[in-house]
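# Reading the structure
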Amino acid sequence: MILTQYIFVGLLLLGAIGFALAPLAVVLLVAPVKRSKSKSDTYECGVLTTGETWIRFRIQYYIYALMFVVFDIETVFLYPWAVAYGGLGTFALIEMVVFLALLSVGLAYAWAKGVLRWV
Amino acid sequence: MNLAFSTAWPVLWAQQATQTAWLDEPMLLGISRQWVIWIAWLALGFFGLFPGIVAYMVWAERKVAARFQDRIGPNRVGPLGLLQPIADAIKLITKENIVPGSADKVVHLLAPVLLLVSAFLTLAVIPFGFGGKVGNRLTGLTPIDLPSGLLYLIAVSSMSSLGIFLAGWASRNKYSLLGAMRAVAQLVSYEVPQVLATVPIILWTGSLSLVAILNHQVEFGWFIFSPPGFMAFVLLTIANIAEVNRTPFDLPEAESEIIAGYHTEYSGMRFGLFFLAEYLSVFSVSCLGTILFLGGGSLPLFDLRDLLSDNTTSFVFVNAITVGVFSVKVILYVFLMFWIRATLPRMRVDQLMAFAWKMMVPLSIINILIAAIWQEVVVGHNLNYIPVFGDTFRGWLVTVPLEIVAVFLVFWIHRVTREDSAPALASARRPAASLVR
């Protein structure tokens, strides 16, 4: 019963891909094609592009991604706790307070170390 | 609420079993009912009505934004400019598709498709009305009622950051790459408070199914009527606006700095797909906010299910009311987003990231704890959320001061620890002052 519902997700996935590709197919039929050298240049405000674009990017984004992974996993733990909370009682609340406190300490540490400062 | 775990589940399973039998019966040309319903959803809903809604949302936004700026807005194509979306679609389809010579061709094509797929998939679990009745439980006018619906919704909606990043990377354009990097940092940062803001609801409902969340609100009142619920609603709305890249969080496509951000190198219909996906996700986050906090299609103080109890009122009639109420709420939510867009200027990158991590994340964590207190005082005793005197009022008495203290605490910490503005402004002013002298 539950697994068969995912059939609809599969149907919707295929349908959505088709819905996205269909107008692009129509474009192939009706739209004009006039290629030229300058048209296929990279558009950077009319100035010729210099240097390589696919470079190693700054570390700051990586640190934010790490923070995100930490908090996303926290959520993965929070969800089942929240679903079962009604049947668990006060002890579960205390446990979760401890868990959240640990994570908050982590956030505060990152904050104090200047990880959250955008430079 | 508190379904007693041992007794309630067999009953629910039995109900689902009877429903399954009903759905498996052949209906049309030997195709089972379930498949007919699904195909109808796809043909009429997902690939019929929803793109239409999205097209007219663009028209509505242009009209609303125009009014805010003391203009008239589109009024040339058809009465009130109502045919404008159709004209736009024709224009986009007949434009040449330009792919930059140095771009990664396959990924350049894949990125908008992925974004659109993500926007469509999120709508699969939204209950638009009350739908069929099984026992005492309304199953929701929804394509599928997954037991882990909310988790599924968050999972597929976070696919959009992948699509945006692929678009920016494949274009091989420096502005696109900057926009994509900003977008990923922003989407990832605001996803944390967005997800944390939904935890109180799961706590109170004891289920991840959006239908169960809707039914709980019909029973006990909308979640926005409780102090932690209101706080979670505000947090979720802000995070939603950031997740769909709209002003004041539209840094990934800031025209004045990085042309159009990640979709700089897209033109014609491929750009149209980005546009469609953006407005489709505006629609889906509005539906999400409505279902989670505003009680979906239910009316306050009046249970629409009472109309069904005497078996004379038809299901279609009740559902028409429900879908109407739901639409009004979604329209108001979308209008709120238009309003914010017309009012607020764009944020700075460092402000944007600081706002997510230093204010919204701590606030939503504290809010979860306050929600647990609300659960102990109010939800655990099966009380209605409207603050009548008595036990519910006790819950308000406990949680409202806590919420206020939490907000002040977070703002105060942010004010104490921030190291920019004041000295920076002072040093910026000094040369100007010397010029005057």
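So, here is what we can say about the structure in this document. What you see as residue numbers is a count from 1 along each chain, following the sequence as written. All chains are assigned letters beginning at A, and all ligands numbers beginning at 1, according to the order in which they are written. It should be noted that, the model being predicted, local features are given only for residues of pLDDT at least 70 and side-chain atom pairs only at 80 or more, the latter also being counted only at that level, while totals for whole chains, interfaces and linings use all residues. Side-chain metrics in this entry use all non-hydrogen atoms of the structure; hydrogen atoms and water are not considered.

### Examining the overall build of chain A
- Scanning chain A from N- to C-terminus turns up three helices and zero strands.
- By the criteria applied, helices consist of DSSP H or I runs no shorter than four residues and strands consist of E runs no shorter than two, each listed in order from the N terminus. Ordered by position from the N terminus, the helices and strands of chain A form the series α-α-α.
- In terms of overall size, chain A is more extended than a compact globule, its C-alpha atoms giving a radius of gyration of 25 Å where 119 residues would be expected to give roughly 14 Å.
- On the principal axes, the C-alpha backbone points of chain A span a range of 70 × 50 × 15 Å.
- Counting only residues that meet the buried cut, chain A has 30% of its 119 residues in that class.
- Residue pairs in contact within chain A that sit at least 24 positions apart in sequence constitute 64% of those at least 6 positions apart. When we talk radius of gyration, it's over C-alpha atoms, and the globule rule is simply 2.2 Å times the number of residues to the 0.38. Categorising residues by exposure relies on relative accessible area from a 1.4 Å probe, with only protein chains included: less than 20% of the type maximum marks a residue as buried, more than 50% marks it as exposed, and the intermediate range marks it as partly exposed. We call two residues in contact whenever any of their non-hydrogen atoms come within 4.5 Å of each other.

### Observations regarding helix H14 (residues 391–417) of chain B
All names here are of chain B.
- In this model, H14 (27 residues) spans 40 Å end to end at C-alpha, consistent with the 39 Å of a helix rising 1.5 Å per residue.
- Regarding H14, the residues found buried are Thr392, Gly395, Thr399, Glu403, Ala406, Val410 and His414.
- Those residues of H14 that are buried are in contact with helix H9 (227–243) and helix H13 (349–377). Helix span is expected to be 1.5 Å times the residue number reduced by one.

### Observations concerning the packing of aromatic side chains
- Between the rings of Phe, Tyr and Trp (Trp by its six-membered ring), a pair exists once the centres lie within 6.5 Å; its type follows the angle of the planes, with under 30 degrees stacked, over 60 edge-to-face, and the other angles tilted. If you walk through the whole model with that rule in mind, you get 28 aromatic pairs over all chains.
- A centroid spacing of 5.4 Å and a plane angle of 25° characterise the contact between A:Phe19 and B:Phe47, whose relative ring orientation is stacked. Linking A:Phe19 in helix H1 (residues 5–30) with B:Phe47 in helix H2 (residues 33–68), this pair reaches from one chain into another.
- Ring plane angle 35° and centroid distance 5.7 Å describe the contact between B:Phe271 and B:Phe275, whose orientation is recorded as tilted. Of the two residues, B:Phe271 and B:Phe275 are both situated in helix H11 (residues 268–293); the distance of four residues between them amounts to about one turn of the helix.
- Residue class for B:Phe275 comes out partly exposed when judged on its relative accessible area of 32%.
- Grouped by ring-pair contacts, the aromatic residues A:Phe8, B:Trp38, B:Trp41, B:Phe46, B:Phe50, B:Phe128, B:Phe283 and B:Phe326 constitute a single cluster.
- Against the face of B:Trp222 rests B:Lys329, its NZ or CZ located 3.9 Å from the ring centre. Here, a charge over a ring is recorded when the distance from Lys NZ or Arg CZ to the ring centre is within 6 Å and its angle to the ring normal is within 35 degrees.

### Examining the interface of chain A and chain B
- Taken residue by residue, the interface counts 68 residues in chain A and 86 residues in chain B.
- Using a 1.4 Å probe, buried area is obtained as the accessible area two parts lose upon being combined, added over both of them. When chain A packs against chain B, the two sides together hide about 7,000 Å² of surface, and 77% of this comes from carbon and sulfur.
- Ranking the residues of chain A by area buried against chain B places A:Phe8, A:Trp54 and A:Tyr79 at the top, with a combined share of 12%.
- Salt bridges, as used here, are contacts in which a Lys or Arg side-chain nitrogen is within 4 Å of a carboxyl oxygen on Asp or Glu. At the boundary of chain A and chain B, one finds zero salt bridges.
- By the criterion applied in these results, polar contacts are pairs of N or O atoms within 3.5 Å in which, for protein atoms, one can donate a hydrogen and the other can accept it, and in which residues neighboring in sequence qualify only through two side-chain atoms. Here chain A and chain B share three residue pairs in polar contact (both at pLDDT 80 or more) between them.
- Ranked by the residues each element gives to the side of chain A that touches chain B, the list is headed by H1(A), at 19 residues.
- Asp, Glu, Lys and Arg are counted as charged, while Ala, Val, Leu, Ile, Met, Phe, Trp, Tyr, Cys and Pro are counted as nonpolar; the rest, among them Gly, fall into the polar class. Residue classes in the side of chain A that touches chain B are distributed as 46 nonpolar, 13 polar and nine charged.

### Topic: the side chain of B:Ser160
Residue and element names in this part refer to chain B.
- Assignment of secondary structure puts serine 160 in helix H6 (residues 159–170).
- The class for serine 160 is buried, based on a relative accessible area of 13%.
- Sequence-distant contacts of serine 160, defined by excluding residues within four places in its chain, comprise Leu115, Ser118 and Leu187.

### Comments concerning the environment of B:Ala87
- By the secondary structure assignment, B:Ala87 is in helix H3 (residues 84–93).
- Between the C-alpha atoms of B:Ala87 and B:Val77, which are 10 residues apart in sequence, the distance is 7.7 Å.

### Some details on the pattern of salt bridges
Residues and elements named next belong to chain B.
- Throughout the structure, instances matching the rule amount to six salt bridges over all chains.
- One salt bridge connects glutamate 61 with arginine 246, and the closest N-O pair in it is separated by 2.7 Å. In this pair, glutamate 61 sits in helix H2 while arginine 246 sits in the loop between H9 and helix H10 (255–258), placing the two residues 185 residues apart along the sequence. Of the two residues examined, glutamate 61 and arginine 246, each falls in the buried class.
- Put simply, arginine 341 and glutamate 61 hold a salt bridge, and the shortest N to O gap is 3.4 Å. Within this pair, whereas arginine 341 is found in helix H12 (residues 315–343), its partner glutamate 61 is found in helix H2, the two being separated by 280 residues in sequence.
- Relative accessible area serves as the criterion here: at 34%, arginine 341 is assigned to the partly exposed category.
- Here the salt bridges do not stand alone but share partners, grouping Glu61, Arg246, Glu278 and Arg341 into one network.

### Describing the packing of H1(A) against helix H4 (residues 105–122) of chain B
- Geometry is summarised by axes, namely lines fitted to C-alpha atoms with helices restricted to the contacting stretch, and by angles between N-to-C directions that run from 0 to 180 degrees. Packing of H1(A) against H4(B) brings their axes to within 9 Å, and their N-to-C directions diverge by 135°. Comparing their axes, H4(B) and H1(A) come out oblique. For the element pair H1(A) and H4(B), the recorded crossing hand is right-handed. Contacts between H1(A) and H4(B) pair A:Val9, A:Leu12, A:Leu13, A:Ala16, A:Ile17, A:Phe19, A:Ala20, A:Leu21 and A:Leu24 from the former with B:Leu109, B:Val113, B:Leu116, B:Val117, B:Phe120 and B:Leu121 from the latter.
- Its residues assigned to classes, the contact of H1(A) with H4(B) comprises 15 nonpolar, no polar and no charged. Comment on the angle field: the value is read as roughly parallel under 35 degrees, roughly antiparallel over 145, roughly perpendicular from 65 to 115, and oblique elsewhere. Each crossing gets its hand from how the near helix is turned against the far one by less than a right angle, where anticlockwise is left-handed and clockwise is right-handed.

### Brief notes about the packing of helix H2 (residues 59–84) of chain A against helix H3 (residues 90–112) of chain A
Residue and element names in this part refer to chain A.
- The contact between H2 and H3 brings their axes to 12 Å, and the two run at 175°. It follows from the interaxial angle that H2 and H3 lie roughly antiparallel. Between H2 and H3, the contacting residues are Met67, Val70, Phe71, Glu74, Phe77, Leu78 and Trp81 on the first element and Ala92, Leu93, Met96, Phe99, Leu100, Leu103, Leu107 and Ala110 on the second.
- Counted by class, the contact of H2 with H3 contains 14 nonpolar, no polar and one charged residues.

Keep in mind these values describe shape, not function.
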